[in-house]
Structures are given as C-alpha cells and as structure tokens.
Amino acid sequence: MQDWSSRELEDEIGAALEEFVGPDRTMDDDDFQIFVTWFHNDREVRGGGTPAERYAARSELPAHERAAALRIASASLGVYRVLAVEPGDSLLLADIVGGGRVRVRSTRVSCEAVRWEILIGRVMSGEPPTLWGPTRFLEPSDEPDLIAELERLAGGSMLPAGDGVARVLGDHA
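Here's a quick rundown of the structure. (Residues numbered from 1 in each chain as written. Predicted model: local features only at pLDDT ≥ 70, side-chain atom pairs only at ≥ 80, totals over all residues. Heavy atoms only, no water.)

1. Some words on helix H7 (residues 143–154)
Look at H7: 16 Å from first C-alpha to last across 12 residues, which is about the 16 Å you get at 1.5 Å a residue. For H7, the complete set of buried residues consists of Glu-143, Leu-146, Ile-147 and Leu-150. Taken down its axis, H7 places every buried residue within 95 degrees of arc, on the same side. Exposed residues pointing more than 90 degrees away from the buried face of H7 are listed as Pro-144, Asp-145 and Arg-152. (Helix = DSSP H or I, 4+ residues; strand = E, 2+ residues; numbered from the N terminus. Expected span 1.5 Å × (residues − 1). Buried < 20%, exposed > 50% of the residue type's maximum accessible area, 1.4 Å probe, protein only. Arc of directions from axis to C-beta.)

2. Comments concerning the packing of aromatic side chains
Tallied over the full model, the rule gives five aromatic pairs. Judged by centre distance (6.1 Å) and plane angle (20 degrees), the rings of Phe-35 and Phe-39 are stacked. Linking Phe-35 with Phe-39, this pair stays in helix H3 (residues 29–41), spanning four residues, or about one helical turn. As far as burial versus exposure is concerned, Phe-35 and Phe-39 are alike and both buried. (Phe/Tyr/Trp six-rings, centres within 6.5 Å; stacked < 30°, edge-to-face > 60°.)

3. Comments concerning the pairing of strand E5 (residues 130–138)
Here strand E4 (residues 118–124) pairs with E5 via six bridges, running antiparallel. Looking at E5, one finds that Leu-119 is bridged to Phe-137. (Pairing = 2+ DSSP bridges.)

4. Topic: a negative patch on the surface
A cluster of acidic residues, Asp-28, Asp-29, Asp-30 and Asp-31, forms a negative patch at the surface. By secondary structure assignment, the location of Asp-29 is in helix H3. (Patch = residues over 30% accessible without salt bridge, like charges linked within 9 Å, V, L, I, M, F, W, Y side chains within 5 Å. Areas by Shrake-Rupley, 256 points an atom, 1.4 Å probe, with all protein chains shown as cover. Salt bridge = Lys/Arg side-chain N within 4 Å of Asp/Glu carboxyl O. Lys, Arg positive; Asp, Glu negative; His and termini not counted. Charge placed at Lys NZ, Arg CZ, Asp CG, Glu CD.)

5. Considerations on the nonpolar core
If you look at the biggest cluster of nonpolar residues, it comprises 14 residues, and the most contacted ones within it are Ile-13, Ala-16, Phe-35, Trp-38, Phe-39 and Tyr-55. For this core, the elements supplying multiple residues, two or more each, are helix H2 (10–21), H3 and helix H4 (51–56). For this core, the element with the most residues is H3, which contributes four residues. In contact with Phe-35, not counting residues within four places along its chain, are Ile-13, Ala-16, Leu-17, Phe-20 and Met-27. In this structure, Ile-96, Val-97, Ile-120 and Leu-150 belong to the second largest nonpolar core, which totals 11 residues. (Core = buried A, V, L, I, M, F, W, Y, C linked by side-chain atoms within 4.5 Å. Contact = heavy atoms within 4.5 Å.)

6. Here's the deal with the pattern of salt bridges
A full pass over the atoms with the stated rule returns 10 salt bridges. As a salt-bridge pair, Arg-103 and Glu-86 come within 3.5 Å of each other at their nearest N and O atoms. Placement of Arg-103 in strand E3 (residues 101–105) and of Glu-86 in strand E1 (residues 77–86) is noted, with a sequence separation of 17 residues between them. A relative accessible area of 38% places Arg-103 in the partly exposed class.

7. Observations concerning unusual backbone geometry
Keep in mind that most residues, glycine aside, have a negative phi and that most peptide bonds are trans. A cis amide bond, omega 0 degrees, links Glu-127 with the succeeding residue Pro-128. Following the sequence through the fold, Pro-128 ends up in the loop between E4 and E5. Here the phi dihedral of Trp-116 falls at roughly 85 degrees; this positive angle occurs in a residue that is not glycine. Checked against the element boundaries, Trp-116 lands in the loop between helix H6 (109–112) and E4. Residue Trp-116 is classed as partly exposed on the basis of its relative accessible area of 41%.

8. A few points about the environment of Arg-58
Tracing the sequence through the fold places Arg-58 in the loop between H4 and helix H5 (63–73). Among the residues examined, Arg-58 registers a relative accessible area of 19% and is labelled buried. Along the chain, Arg-58 and Ala-69 lie 11 residues apart, while their C-alpha atoms are 9.9 Å from each other. Ignoring any residue separated from it by four or fewer positions in sequence, one finds Arg-58 in contact with Trp-4 and Arg-66. Reaching out from Arg-58, the side chain makes a polar contact with the side chain of Glu-60 at a distance of 2.6 Å. (Polar contact = N/O pair within 3.5 Å; in protein donor to acceptor, adjacent residues only side chain to side chain.)

As structure tokens, then:
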C-alpha cells in the first residue's frame, strides 16, 4: 500500500507532510509511523476517499490482498481502557467513547500494556481482531482531560455515542 501511494499520490503526500509537520518536516521515527498511518487511514485525498480506501478498491488486487486492505482501511482510531492483559498474547479493551468491549490479539502491545491504562490506537476487524499501526498509552488519570479535549475539538459532547471520535482524532492527529 505504501509503495502504491508513493507512486500514485506523491503530490498528496507532500501536501499531507506540510499539513502534519509544517515546512520544517522534522519527524522522529514515532512521528513518521503516526504520519504514515494517519495519511493512509484518515486523510481524504483529492477526489474523495483515503489512500487506504482507494488502494482497497483497486480491481487488480487479488482477493486475499483486497480483504486485508479493506480491514486496514476500516481500522479507525479509538480511545480504549485496558481491562485485562495476557502478556505476549492479547488485551481486553473497553471503548471509552463509543462503548463496547473487544479482545484484540497483539503480542507486542500486550507486553507493554498495564491494566487500566488508556490506549489510543486502531482496532482492525478479523478473527481475532488485532491492533493496526502505532499505539500510545496514557495514564488513567489523563482520561478526563483527554475526553475534555476531544469534546472541545468536536465542538460538543462525544459521550456516550462517540460517533465523531475517529474523525476528531484523525483530523487532529
């Protein structure tokens, strides 16, 4: 997907870099990972759709690659509370804004997670669901300020429905 977007969306990548980091374009490795995921999953390009959606819509993709691309394209950013951790295997997450619970498989992130922490990341559908792209942990005490900032950016309450959290997080990555 990245190779395709580098060839097909070169101008869009330049504009997105300007939008994301400004003219200085200084990023560390973590910033770069966040940028790449934001660009592909959240940023609409000229003509509509995100790069991930456009990639998944390509008719020449084999069925298995299209299925994976569609899962990636639908992995929206969310805010979750870690309810349980099985290190090296999985996490049980509660969607703080939208409600619901999901057990996700992640060998790496499950080794870093601590119960009750706040995880900002993307859950990708599948059997089992997994995490996609970079994740960030916040302390449980940061939750009220995070929700207040999301509501400020959204221009109103995001709770309990949470319909706009992915849009707000994507717009303000």
